[in-house]
Amino acid sequence: MIDLHIHMGGAVPAAVLWELLSDSGLQTDFKTFDELEEYLTVRPEAIHNLDDFLNRYFHGTELIQSSPRTASESAYQLVAKAYRRSGRAGRMHAVEIRYNPLKRVREGLHTLDAIILATIHGLERASMHYRVQTGILFSMGKEFSHERNAIIVNAAMDFGGRGALKGAHGVVGIDMAGPESLLNDSNVEWLKVVGKMIEPARERGLGITWHVGETAHSGPDGMEAVLEWIRPQRIGHGIELRKAEGKQKERLCKTLRERQVCLEICPSVNLITGSILNLREIADLIRLLTSEGIPFCINTDNPYIIQTNLRQEYDLVAKALGEDAQLINQSHHHASMHSFLAGVRNRH
Ligand SMILES: [Zn+2]
């Protein structure tokens, strides 16, 4: 099994974060383990949308992960836990983790280079210890200035292409994450600037994925604009495709099919943020993707915060698909084909 969409800020257990925080001696609002655990416990009734979700949890986890040691250990523990939780029946054998390195420098207290090198090293250890292929995607921020996003893209190019060490591929791609409510995904002028910014990274072989079509804020219009101006190989979520109608639906499906853009579907987090009302919406979307020949894969997004793992996500979708449960098997193949990691294609 392969997980192509997992955020470092939402995937490290509270116990690990607490020990790192305690050892680092950083002063925070979390005075006890219970306070930190409570902070990281999802209360679905308090989450009304994606913005609520992003604002509620990540400031704390990003703060704790903001040092070379804590970033390295977080990356390591993320992979170790995801591997163990995948179960012996179908071990996770590859994972791409994503994070925003500029959100982990503690306002310049640490250098970007030190943070990045530390996460690379954490994943080298994880790849060696658990025999899991690993790679890193740098997430730019929709709420960031162009100057700050350019720093992230340049860092990806600096650190990309280091080659694989025992399955650890280092930096393999770029992502765009953050609030869709800023409406940047439909802002052509904004997209043009970012599209130009990432072009050299694409030419150097880095993969491009982009969070869009997760909520009605970007919707099918945002997906179309991102496909036109960013040309990502994969899309984070893209579930708003289900709301496209008529000519727009035809156009979107055609583009996704012809370019074989893989939708990274993360069912449970969409439920928690209220982006979908139930998993039947995901099941219907998978039927549509299958009939249209559009690749998709199942992922966890923030497995610790939303208390899930890759096996559970597959099981939930299979159950929602009912008699079409076998459709889920394509996900393994598509995840393998569309991973930015080299050399994982022959292993399911
Ligand atoms: Zn995500």
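This text follows the structure it describes.
Since we're looking at a predicted model, the values are computed, not measured. (Residues numbered from 1 in each chain as written. Predicted model: local features only at pLDDT ≥ 70, side-chain atom pairs only at ≥ 80, totals over all residues.)

Quick word on the overall build of the chain
Counting secondary structure elements, the chain contains 13 helices and 8 strands. For a compact globule of 348 residues, the expected C-alpha radius of gyration is about 20 Å, and the chain comes in at 19 Å, within 12% of that figure. Once the C-alpha set of the chain is aligned to its principal axes, its extents read approximately 55 × 40 × 40 Å. With 348 residues in all, the chain has 51% of them scored as buried. Taking the contacts inside the chain whose residues are at least 6 apart along the sequence as the reference set, 79% of them involve residues at least 24 apart. (Helix = DSSP H or I, 4+ residues; strand = E, 2+ residues; numbered from the N terminus. Rg over C-alpha atoms; globule rule 2.2 N^0.38 Å. Buried ≥ 20, exposed ≤ 12 C-beta atoms within 10 Å, placed from the backbone. Contact = placed C-beta atoms within 7 Å.)

A closer look at helix α4 (residues 68-85)
With 18 residues, α4 should cover 26 Å at 1.5 Å per step; its first-to-last C-alpha distance of 26 Å lies within 8% of that length. Looking one or two residues beyond α4, the residue adopting positive phi is Gly87, at roughly 80°. (Expected span 1.5 Å × (residues − 1).)

Digging into the environment of Ser339
Here Ser339 lies in the segment after α13 (329-338). With 26 C-beta atoms counted inside 10 Å, the residue Ser339 sits in the buried group. Between the alpha carbons of Ser339 and Val95 there is a distance of 8.7 Å; along the sequence they are 244 residues apart.

Observations regarding the sheet that holds strand β4 (residues 168-177)
In spatial order, the strands read β1-β2-β3-β4-β5-β6-β7-β8; together these 8 strands make up an open sheet with parallel pairing. Strands at the two margins of the open sheet, each flanked by one partner only, are β1 (2-7) and β8 (296-298). Here the average twist between neighbouring strands, direction ignored, is 25°. Two strands pair when backbone bridges link them, and strand β2 (residues 94-99) and strand β3 (residues 133-141) are joined in this way by 6 bridges, in the parallel orientation. By the bridge assignment for β3, Val95 is matched with Thr134. The sheet strands contacting helix α6 (residues 146-159) are β3 and β4, and the helix crosses β3 at an angle near 160°. Packed onto the sheet, α13 meets β1, β6 (234-237), β7 (262-265) and β8 and runs at close to 105° relative to β8. (Pairing = 2+ DSSP bridges. Axes fitted to C-alpha atoms, helices over the stretch in contact; angles between N-to-C directions.)

A short note on unusual backbone geometry
Although it is not a glycine, Arg106 adopts a positive phi angle of roughly 50°. Looking at the element boundaries, Arg106 is found in the loop between β2 and α5 (112-130). Backbone geometry places Lys166, a non-glycine residue, at a positive phi of 50°. Secondary-structure assignment places Lys166 in the loop between α6 and β4. Under the C-beta neighbour-count criterion, Lys166 is labelled exposed, with 12 such atoms within 10 Å.

Structural notes on the nonpolar core
Core analysis: the largest hydrophobic core is formed by 98 residues, its most contacted members being Ala75, Val79, Val95 and Ile174. With near-sequence residues (within four places) excluded, Ala75 lies in contact with Met8, Ile97, Thr119, Gly122, Leu123 and Ala126. (Core = buried A, V, L, I, M, F, W, Y, C linked by C-beta atoms within 7 Å.)

Details of the environment of Glu228
Note that Glu228 resides in helix α8 (residues 219-229). Taking C-alpha positions, Glu228 is 9.6 Å from Lys192, a pair spaced 36 residues apart along the chain.

Brief notes about the packing of helix α11 (residues 279-292) against helix α12 (residues 310-321)
Close contact between α11 and α12 brings their axes to 8 Å; oriented N to C, the two are set at 80°. Here α12 runs roughly perpendicular to α11, going by the angle between their axes. Between α11, through Leu279, Arg280, Ile282, Ala283 and Ile286, and α12, the contact on the second element is made entirely by Leu316, Val317, Ala320 and Leu321. Counted by class, the contact of α11 with α12 contains 8 nonpolar, no polar and 1 charged residues. (Parallel < 35°, antiparallel > 145°, perpendicular 65-115°, else oblique. Nonpolar A, V, L, I, M, F, W, Y, C, P; charged D, E, K, R; others polar.)

Quick word on α8
For α8, every residue scored as buried is listed here: Gly219, Pro220, Gly222, Met223, Glu224, Val226 and Leu227. The inward-facing, buried residues of α8 abut α7 (188-203), β5 (207-212), β6 and α9 (246-259). Two residues or fewer past α8, Arg231 is found with a positive phi of approximately 50°.

Considering the pairing of β7
On any regular strand, side chains alternate: one points to one face of the sheet, the next to the other face. Burial along β7 is two-sided: the face carrying Cys262 and Glu264 and the face carrying Leu263 and Ile265 are both buried. The pairing of β6 with β7 spans 3 bridges and is classified as parallel. Directly across from Ile235, in β7, lies its bridge partner Leu263. With α9 bridging β6 and the parallel β7, this β-α-β connection has right-handed handedness. In this sheet, β8 lies alongside β7 in parallel orientation, the contact comprising 3 bridges. Opposite Glu264, over in β8, you have Cys297 as the bridge partner. (Right-handed = clockwise from strand over helix to strand, strands pointing away.)

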